[in-house]
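# What the coordinates show
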Amino acid sequence: MDAQMPHNIEQVRAAIDNIDAQLISLLAERQSFVVRAGEVKAGRGIRDAHDPERVESILRARRAQAVDAGLDPEVAERIWKELLAAFTDYEQNTGR
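Residues numbered from 1 in each chain as written. Predicted model: local features only at pLDDT ≥ 70, side-chain atom pairs only at ≥ 80, totals over all residues. Heavy atoms only, no water.

## Comments concerning the overall build of the protein chain
So the rule is basically this: Helix and strand definitions follow DSSP, with helices as H or I runs of at least four residues and strands as E runs of at least two, each counted in order from the N terminus. Radius of gyration: C-alpha atoms only; globule rule: 2.2 Å multiplied by the number of residues to the exponent 0.38. Note on classification: 1.4 Å probe, protein chains only; a residue is buried when its accessible area is under 20% of the maximum for its type, exposed when over 50%, partly exposed between these limits. Working rule for contacts: check all heavy atoms of both residues, and any pair within 4.5 Å makes them a contact.
When you go through the protein chain residue by residue, the secondary structure sums to three helices and zero strands. Helices and strands in the protein chain line up, N terminus first, as α-α-α. Against the globule reference of 12 Å for 96 residues, the protein chain gives a C-alpha radius of gyration of 17 Å, more extended than a compact globule. Across its three principal axes, the protein chain shows a C-alpha extent of roughly 55 × 25 × 15 Å. Out of the 96 residues in the protein chain, the part that is buried amounts to 15%. At a minimum sequence separation of 6, the contacts of the protein chain that also span at least 24 residues come to 65%.

## A short note on the packing of helix α1 (residues 9-43) against helix α3 (residues 73-93)
Helix-helix packing is described using two parameters, namely the angle between the two axes and the distance between the axes. The following threshold applies: Fitting a line to C-alpha atoms yields each axis, with helices limited to the stretch in contact; the angle taken between N-to-C directions then spans 0 to 180 degrees. The labels follow the angle: roughly parallel below 35 degrees, roughly antiparallel above 145, roughly perpendicular from 65 to 115, and oblique for the rest. Definitions for this section: a left-handed crossing has its near helix turned counterclockwise from the far helix by less than a right angle. A right-handed crossing has that turn clockwise. Residue type decides the class: Asp, Glu, Lys and Arg count as charged, Ala, Val, Leu, Ile, Met, Phe, Trp, Tyr, Cys and Pro as nonpolar, and the leftover types, Gly among them, as polar.
At a closest axis distance of 10 Å, the pairing of α1 and α3 adopts a crossing angle of 50°. Accordingly, the angle class assigned to the pair α1 and α3 is oblique. Handedness of the α1/α3 crossing: right-handed. From α1, Leu27, Arg30, Gln31, Val34, Val35, Ala37, Gly38 and Lys41 reach across to α3, where they touch Leu83, Leu84, Phe87, Tyr90 and Glu91. Looking at the contact of α1 with α3 residue by residue, the class counts come to eight nonpolar, two polar and three charged.

Put into structure tokens, the structure is as follows:
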């Protein structure tokens, strides 16, 4: 077993919690850019936050990145579909 791998379930859970905390910080940063994207779109008179071509482009890119990183691309796609839907709703409803 790898020296850095946890040896018991408590250590595994603590490692997962640590990763989750990092993900929350990154998602908060992403949210700030979503807000900025909404501001830029509003300045251009764009009202719809949903851009199907952009979504497909993102999903293709994340699947490829997942493969390169050793993450199941199906898992990555499911996560990103939800993430994109949630942030699109957020952008649409923040009053931009």
